Amino acid sequence: MNYHGMKAIYRFEMARTGRTLMQSIVSPVISTSLYFVVFGAAIGSRITEIEGVSYGAFIVPGLIMLTLLTQSISNASFGIYFPRFTGTIYELLSAPLSFVEVLVGYVGAAASKSIILGLIILATAGFFVPLQVAHPFWMLAFLVLTSVAFSLFGFIIGLWADGFEKLQIIPLLIVTPLTFLGGTFYSISVLPAPWDTIALFNPVVYLVSGFRWSFYEVADVSVAVSLSVTVAFLLGCLGVVGWMFKTGYRLRN
Amino acid sequence: MRPIIEIAGLSKTYASGFNALKQVNLDIHRGEIFALLGPNGAGKTTLISIICGIVNPSTGTVHVDGHEIRRDFRATRSLIGLVPQELTTDAFESVWATVSFSRGLFGLPPDPAHIEKVLKDLSLWDKKDNRIMTLSGGMKRRVLIAKALSHEPRVLFLDEPTAGVDVSLRKDMWEVVRKLRESGVTIILTTHYLEEAEEMADRIGVITKGELILVEEKAALITKLGKKQLSLHLHERLAEVPVTLAAFSLTLSPDGMELTYTYDIQAERTGITGLLRALADAGIRFRDLNTKQSSLEEIFVDLVRQKQ
């Protein structure tokens, strides 16, 4: 294994976050705080409890998941797309690194950033609403699995995109709507038929539901199903990235 | 001794259908400076990119120090350093950080003393904390060389290393390349500056339209393919070349004061003695003469033209 190579990529990517601290950390924290102000304090005060949890506290897992998904995709896609755009990718391709090592470096850094951000938002939420984490281990497990899975997804987008527009199109037109419709701000059980059934085709429902369960032990779908969907998504992304590296798709052609 | 690079039957056809390389066979000897010459789009960069692992070949094999480039990619890539044609750098990184990053990428532990030596050899030491975006084009080129040398490669590819670099910097780089060769590094360079190949290379390969049309020792190439020209500076102006000298295919300068005779130095008879006798018979006197050998550039242009 090329440990020094993986470490070099990881540190390079983390250093990029340090250089863009406002954009990477401060901006998502401010956005999330605004969600709390609007949905938690202003609107939330008029909404009754959902399954025994105050509305402000109920949306915390969903908001963390929203940031986790968008940031994981954005960090990983930009991380691999930018060297392709500037041409510095030549160095990565000519280095003695296997695709697993490249992935560990890029996806590891992107997921790390998202996890740090998720924990910062969790801490920020503590200023606005009383928090409880019923299953800390599973909370961390969902946090890590989701970050890695969506960082892998972002990596795929970064390899697939051949322009900045394409880099943005999937996060903006697919992921963000799915996240908003995935039970971030509500339980899908409140949806009228047939929307409550249609919502089950949205993979984000399973992520938010499982994550929320780890906080309050309330869920829209069973935790085992949530976990299985998350792991299946992660393995699917891993398979696609493996194929891309094996065939040299958009890299070695 | 086994060549450090062995290329056999190498072809590359891109997805667009463009046939960039056609059955290339080439051996690069250890410790030599090999210059790969060719017009734009000839396949030089594709060839280098395949050896370095950046582009997948369509057919054929490449061995570096006995290791096959795809099966033993770790071994082969660890041996190779690449300076690309384009000035592709991480604009926001410092010189020190980007060179150290390259060393790590190639699987080596940090070695500040080696990085310091590389930066000093390339006159980059006083710029080590500067962001790359603040450097001039020539300095960026040096940074790319420093990155390629950060992991102490045994084979160095220089793809158009002095493109856009001023004369003084170019000569500095030649010096760096010579020192590397003295330390045992094998160097393969592509260049448009034939002066560069003529100055530095031990052997020269000419590639055009994806085919390697010639590989030869530089000196032998010049001798083998070179033509010599004899210039005669006349005493009196000549209106036209006399008919009695037609067999020598002489060229008369526009001012009528210089006759040029082109001859093949490999030929059994150069025809110089006969020309001088014929000039005397025609009553044409000259006050000076000199000879000039074809440059690599002229040889190269001839070769490519023949192929076309």
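Analysis parameters
Residues numbered from 1 in each chain as written. Chains lettered and ligands numbered in written order. Predicted model: local features only at pLDDT ≥ 70, side-chain atom pairs only at ≥ 80, totals over all residues. Heavy atoms only, no water. Pairing = 2+ DSSP bridges. Helix = DSSP H or I, 4+ residues; strand = E, 2+ residues; numbered from the N terminus. Axes fitted to C-alpha atoms, helices over the stretch in contact; angles between N-to-C directions. Contact = heavy atoms within 4.5 Å. Phe/Tyr/Trp six-rings, centres within 6.5 Å; stacked < 30°, edge-to-face > 60°. Buried < 20%, exposed > 50% of the residue type's maximum accessible area, 1.4 Å probe, protein only. Patch = residues over 30% accessible without salt bridge, like charges linked within 9 Å, V, L, I, M, F, W, Y side chains within 5 Å. Areas by Shrake-Rupley, 256 points an atom, 1.4 Å probe, with all protein chains shown as cover. Salt bridge = Lys/Arg side-chain N within 4 Å of Asp/Glu carboxyl O. Parallel < 35°, antiparallel > 145°, perpendicular 65-115°, else oblique. Left-handed = near helix turned anticlockwise from the far one by under 90°. Nonpolar A, V, L, I, M, F, W, Y, C, P; charged D, E, K, R; others polar.

Explain the sheet that holds strand 3 (residues 33–37) of chain B to me, please; I cannot follow it from the model alone.
Strand pairing within a sheet occurs via backbone hydrogen bonds; the two strands may be parallel or antiparallel. All names here are of chain B. Spatial ordering of the open sheet is given by 6-7-8-3-9-10, a layout of six strands whose pairing is mixed. Because the sheet does not close on itself, it has two edges, and the strands there are strand 6 (80–83) and strand 10 (211–217). Across the sheet, the mean angle from the axis of one strand to that of its neighbour is 15 degrees, orientation sign disregarded. For strand 3 and strand 9 (residues 203–208), the ladder comprises four bridges, and the chain directions are parallel. Following the sheet pairing, Phe-34 is matched in strand 9 by Arg-203. Set on the sheet, helix 5 (residues 137–149) makes contact with strand 6 and strand 7 (155–159); between it and strand 6 the angle comes to about 170 degrees.

What exactly am I supposed to notice about the packing of aromatic side chains here?
The geometry of an aromatic ring pair comes down to the distance between the two centres and the angle between the two planes. All names here are of chain A. This model, assessed by the stated rule, comprises 20 aromatic pairs over all chains. Their ring planes at 80 degrees and their centres at 6.2 Å tell us that Phe-150 and Phe-153 sit as a pair that is edge-to-face. You can see Phe-150 and its partner Phe-153 sitting in helix 6 (residues 136–160), three residues apart, about one turn around the helix. As far as the burial class goes, Phe-150 and Phe-153 line up, both buried. Seen from their ring centres, Phe-150 and Phe-233 are 4.8 Å apart, and the 35 degrees between their planes marks the pair as tilted.

Would you mind showing me how to read a nonpolar patch on the surface here?
All names here are of chain A. A contiguous nonpolar surface patch, about 560 Å² in accessible area, is contributed by Val-37, Val-38, Ile-43, Ile-47, Phe-127 and Phe-128. Looking at the nonpolar patch, the elements that each hand over two or more residues are helix 2 (21–43) and helix 5 (99–128). Per-element tally for the nonpolar patch: the top contributor is helix 2, with three residues. Inspection of the secondary structure assignment puts Ile-47 in the loop between helix 2 and helix 3 (55–86). The exposure class of Ile-47 is partly exposed, given its relative accessible area of 34%.

Would you explain the packing of helix 5 of chain A against helix 10 (residues 223–247) of chain A in this entry?
Describing two packed helices takes the angle between their axes plus the distance from one axis to the other. Residues and elements named next belong to chain A. As a packed pair, helix 5 and helix 10 sit with axes 10 Å apart at the nearest point and diverge in direction by 125 degrees. Overall, the two elements helix 5 and helix 10 adopt an arrangement that is oblique. As helix 5 runs across helix 10, the sense of the crossing is right-handed. On helix 10, the residues that touch Phe-99, Val-102 and Leu-103 of helix 5 are Leu-238, Val-241, Gly-242 and Phe-245. Class assignment for the residues of the contact of helix 5 with helix 10 results in six nonpolar, one polar and no charged.

Everything listed is a geometric property; what it means functionally is a separate question.
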